[in-house]
Amino acid sequence: MSMLAQVTTAAEAVALTAADQKSISAAGYAGLAYGLATLGPGIGIGYLVGQSVQAMARQPEAAGMVRTTMFLGIAFTEALALIGFVVFILLKFV
Amino acid sequence: MLASILVLAAEASTTAAELLDQAAGDAEAVKNPILPTVNEMLYAAIFFIALWTLMKFVLLPRITSVMDGRTDKIRDDLAAAEAAETERVAKLAQYEAGLAGARAEAVSIIEATRAEGDAERRMQITAAEAEVAAARAEAAAEIADAKARARSELTGSITDIAVGAAEAVIQKPLDRAAQSRIVEDYVNSSGKN
Amino acid sequence: MIFGLEFPPIENLVEWPNIFGPADSWYGFNKIALINLVALVATAVLFLVAGRQKTLEPATNAPKGSRNLVESAVAFIRDGIIIETIGPAGLRYLPFLASLFFFILITNIFEVIPFFHMPGNARMAGPAVLALLTWAYFIAVGIKHQGLKYFWNSVAPPGVPKALLPLVVPIELLSTFIVRPFSLAVRLFANMLAGHILLVTFSVLCITLWGASLLLVVLPFSFVMLVGLTGFEIMVAFLQAYIFTILASVYIGSSMHAEH
């Protein structure tokens, strides 16, 4: 019976460390996931807005159309970063 | 034996996990903050569809009818303004045509008057010149007349003097007619020089 | 807990107890539902007050006050969104898109309204419902305009070589019918949740720094940041309403005709 108690405490210790391990690594990966998710959209939105500003400066009469298309493009590009944010929330808090 | 150990270990691990959850202050099952909940979806759907229906049948028609009315009015006003503008341009063209006609007429009148004045002037000049010429001719005739009279008088007296002088020199009467011809020739030739 | 900074767990930030109805029931009415109700009532009242001026013959006058506000917003949706993306044929979708815009804008703007301080769309429920309705709406428009050929036209754009179809059809199927509603909902939800967490972070920082004696010098920076972010979030609230509406408009417009 004393051997069983020993096994129980050992299993308890293992379980605790496993849970801790999981939450710690999840928290770490959460930051990593969000950090990686920002890279592409950051470059993409910068390039997109820069080109749009150039287009508007060259053809101010087409500025309205360019602006609408720019917002559409930002919306599509930004979606990746936001999915990264959702993954961050899922890893960190769930 | 081994089976019972494993069962106990599993029980222990579940109790440990429960303890961990309680320690985190989250006794109930972990709710996912991402997933939508049914009650919120229900109310969002109800209120949005209510807004959509209201918007379609009540709210938006009142706004858009007035906006469309204003757009129509603006379009009509613009058309009217354009018509007025066209009319104005036509009137301006007409006025300018009249103005150009009047100006041409004035120019022609001025030209005619000028030509008339020229003719008058030329005529008067001609008349004056003719008058002057007549006066000059008259004066010349008078002069020639006077000259001729003076010359004939002069010729007579010279002949008399010359014949008298010559008679006195030669002591004999001379042929008066021949002498007078000579003198006359001489006077004429000297007058010519 | 870092330097006495006690950040509340995320459940406390976004989940609200029911005002009436038992907890976890399917009809529990909580703060999010109240915000949605306010969005409905506020939009309706605004439009009714604006529409009441009809007796003053506004057709002959320039719009004033609330009518000016509402007419500017409607003209913005009509000329800036529908005409730009669909063209004059899309004007019949104005009620749906105008309700989308106003509903999202008002539920978003509660992020910065005192005593609420909670964007209604920081919960997945609202965006999910709106995205599903948009999804159903653009499919319905597609079926109405193209019949059942709409599904084939939308997954296999005309002009694609037949050999590429096995590659194109799954991608288009995924992107049109699954990614579209998902990205619509997630974009709105994640933007508002991120803004909410950002504001909460700086508010918590301000409160914590108020007590800390030495770190009090940092408080003005944190406060200025909070004020600036509040303005930024107002812009984001408007921008997300605009983007959701314009994307819905683009999706509806793409359903009307087979892609070229």
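Per chain, residue numbering runs from 1 following the sequence as it is written. Key to labels: chains lettered from A, ligands numbered from 1, both in the order written. Local features are withheld for residues below a pLDDT of 70 in this predicted model, meaning they are given only at 70 or higher, and side-chain atom pairs are given and counted only at 80 or more; totals for whole chains, interfaces and linings count all residues. Side-chain metrics rest on all non-hydrogen atoms present in the structure, leaving aside hydrogens and water.

1. Re the overall build of chain B
(1) Moving on: Check the secondary structure of chain B and you find three helices and zero strands.
(2) Moving on: Working definition: with a 1.4 Å probe on protein chains only, accessible area under 20% of the residue-type maximum means buried, over 50% means exposed, and in between means partly exposed. Out of the 193 residues belonging to chain B, those deemed buried represent 15%.
(3) Moving on: Total accessible area computed for chain B in this model is approximately 13,900 Å², and 63% of it derives from carbon and sulfur atoms. Helix and strand assignments follow DSSP, with helices taken as H or I runs no shorter than four residues and strands as E runs no shorter than two, numbered in order from the N terminus. What sets the accessible areas is the Shrake-Rupley method with a 1.4 Å probe; for residues, cover comes only from the shown protein chains.

2. Considerations on the overall build of chain A
(1) Moving on: Helix and strand counts for chain A stand at two helices and zero strands.
(2) Moving on: Residue burial in chain A is summarised as follows: out of 94 residues, 29% are buried.
(3) Moving on: Per element, the accessible surface of chain A, about 5,700 Å² overall, is 71% carbon and sulfur.

3. A word on unusual backbone geometry
Residues and elements named next belong to chain C.
(1) Moving on: Look at Phe115: it is not a glycine, yet its phi comes out positive at around 75°.
(2) Moving on: Here Phe115 shows up in the loop between α4 (94-109) and α5 (125-146).
(3) Moving on: Unlike most non-glycine residues, His117 shows phi in positive territory, near 45°.
(4) Moving on: Locating His117 in the fold gives a position in the loop between α4 and α5.

4. A word on the side chain of Ser255 of chain C
Residue and element names in this part refer to chain C.
(1) Moving on: Note that Ser255 resides in helix α8 (residues 219-256).
(2) Moving on: Residue Ser255 is classed as buried on the basis of its relative accessible area, which comes to 1%.
(3) Moving on: Two N or O atoms form a polar contact when they lie within 3.5 Å of each other; inside protein one atom must be a possible hydrogen donor and the other a possible acceptor, and for residues adjacent in sequence the pair counts only when both atoms belong to side chains. Within the structure, the side chain of Ser255 is placed 3.4 Å from the side chain of Tyr150, a separation counted as a polar contact.
(4) Moving on: In this structure, Ser255 is in contact with Phe138, Val141, Gly142, His145, Gln146 and Tyr150, ignoring residues within four places of it in sequence. Here, residues are in contact when the closest pair of their heavy atoms is within 4.5 Å.

5. Quick look at the interface of chain B and chain C
Interfaces are often described in size by the accessible area the parts lose on coming together.
(1) Moving on: Contacts between the two partners involve 36 residues from chain B, matched on the other side by 55 residues from chain C.
(2) Moving on: By convention, the term buried area covers the 1.4 Å-probe accessible surface removed from two parts as they join, with the contributions of both added. Each partner contributes to the roughly 4,000 Å² buried at the junction of chain B and chain C, and carbon and sulfur atoms together form 72% of this total.
(3) Moving on: When residues of chain B are sorted by the area they lose upon contact with chain C, Glu40, Phe47 and Phe48 of chain B head the list and together hold 17% of the total.
(4) Moving on: Take a side-chain nitrogen of Lys or Arg and a carboxyl oxygen of Asp or Glu: if they are within 4 Å of each other, that pair is a salt bridge. At the junction of chain B and chain C, the tally comes to three salt bridges.
(5) Moving on: For Arg70 of chain B, the salt bridge identified is with Glu71 of chain C, shortest N-O distance 2.6 Å.
(6) Moving on: Remark: the boundary between chain B and chain C carries five residue pairs in polar contact (both at pLDDT 80 or more).

6. Remarks on the pattern of salt bridges
If charged atoms from side chains of opposite charge come close, those side chains can pair.
Residues and elements named next belong to chain B.
(1) Moving on: Under the defined criterion, the tally for this structure stands at 12 salt bridges over all chains.
(2) Moving on: In this structure, the salt-bridge partner of Arg75 is Asp72, at a minimum N-O distance of 3.0 Å. Of this pair, Arg75 and Asp72 both sit in helix α2 (residues 38-170), separated by three residues, roughly a single helical turn.
(3) Moving on: The exposed category is assigned to Arg75, whose relative accessible area is 52%.
(4) Moving on: Asp72 gets classed as partly exposed once you look at its relative accessible area, which sits at 35%.
(5) Moving on: We note a salt bridge from Lys91 to Glu87, for which the minimum N-O separation is 4.0 Å.

7. Thoughts on the layout of surface pockets
(1) Moving on: Estimated volume of the second largest pocket: approximately 540 Å³.
(2) Moving on: Each cavity reported here is a set of points on a 1 Å grid over the protein atoms alone in which a 1.4 Å probe fits but cannot get out, each pocket an open set with protein on both sides within 12 Å along at least five of seven lines, and each lining residue one with an atom within 4 Å of a point. Lining the second largest pocket are 24 residues; nearest its centre among them are Tyr34, Glu78 and Leu82 of chain A together with Asn191 and Phe232 of chain C.
(3) Moving on: At the level of secondary structure, the elements contributing two or more residues to the lining of the second largest pocket comprise α1 (2-58) and α2 (63-93) of chain A together with α7 (165-211) and α8 of chain C.
(4) Moving on: Its residues assigned to classes, the lining of the second largest pocket shows 17 nonpolar, five polar and two charged. Grid points are joined across faces, edges and corners, and a volume is the space filled by probe spheres set on the points. Think of it as three bins: nonpolar holds Ala, Val, Leu, Ile, Met, Phe, Trp, Tyr, Cys and Pro, charged holds Asp, Glu, Lys and Arg, and polar takes everything else, Gly as well.

8. Brief notes about the packing of helix α3 (residues 65-85) of chain C against α4 of chain C
All names here are of chain C.
(1) Moving on: Where α3 meets α4, the axes come as close as 10 Å, and the angle between the chain directions of the two elements is 115°. As far as their axial angle goes, α4 and α3 are roughly perpendicular. Taken as a pair, α3 and α4 cross one another with a handedness that is right-handed. The residues of α4 that touch α3, namely those facing Ala73, Val74, Phe76, Ile77, Arg78 and Ile82, are Leu94, Leu97, Ala98, Phe101 and Phe102.
(2) Moving on: Within the contact of α3 with α4, the residues separate by chemical class into 10 nonpolar, no polar and one charged. Under this scheme, a helix contributes an axis fitted over its contacting stretch, all axes are lines through C-alpha atoms, and angles between N-to-C directions fall in the 0 to 180 degree range. Oblique is the label for any angle not under 35 degrees, not over 145, and not in the 65 to 115 range, which are roughly parallel, roughly antiparallel and roughly perpendicular in turn. Left-handed describes a crossing whose near helix is turned anticlockwise from the far helix by less than a right angle; the clockwise case is right-handed.

9. Points about the packing of helix α2 (residues 31-52) of chain C against α3 of chain C
Residues and elements named next belong to chain C.
(1) Moving on: Between α2 and α3, the shortest axis-to-axis distance is 8 Å and the interhelical angle comes to 115°. Overall, the two elements α2 and α3 adopt an arrangement that is roughly perpendicular. Regarding α2 and α3, the two cross each other, and that crossing is left-handed. Contacts between α2 and α3 involve Leu46, Phe47, Val49, Ala50 and Gly51 on the former and, on the latter, Ser66, Arg67, Leu69, Val70 and Val74.
(2) Moving on: Partitioned by chemical class, the residues of the contact of α2 with α3 number seven nonpolar, two polar and one charged.

10. Re α2 of chain A
(1) Moving on: Relative to the 45 Å expected for 31 residues at 1.5 Å per residue, α2 of chain A spans 43 Å between its end C-alpha atoms, a close match to the ideal helical length.
(2) Moving on: Bend at a given residue is defined as the angle between two axes, one fitted to the seven residues that end at that position and one fitted to the seven that begin there. At Ala79 of chain A, α2 of chain A shows its maximal bend, which comes to roughly 30°. Here a helix's expected span is defined as the number of its residues, less one, multiplied by 1.5 Å.

11. Let's talk about a nonpolar patch on the surface
(1) Moving on: Taken together, the side chains of Tyr29, Leu32, Leu36, Leu39, Ile83, Val87 and Leu91 of chain A together with Phe182 of chain C present a nonpolar region at the surface, about 730 Å² in accessible area.
(2) Moving on: Mapped onto the nonpolar patch, the elements with two or more residues apiece are α1 and α2 of chain A.
(3) Moving on: A per-element tally of the nonpolar patch places α1 of chain A first, with four residues.
(4) Moving on: Mapped onto the elements of the fold, Phe182 of chain C is located in helix α7. Patch membership requires more than 30% relative accessible area and the absence of a salt bridge. Residues of like charge join within 9 Å; the nonpolar side chains Val, Leu, Ile, Met, Phe, Trp and Tyr join within 5 Å.

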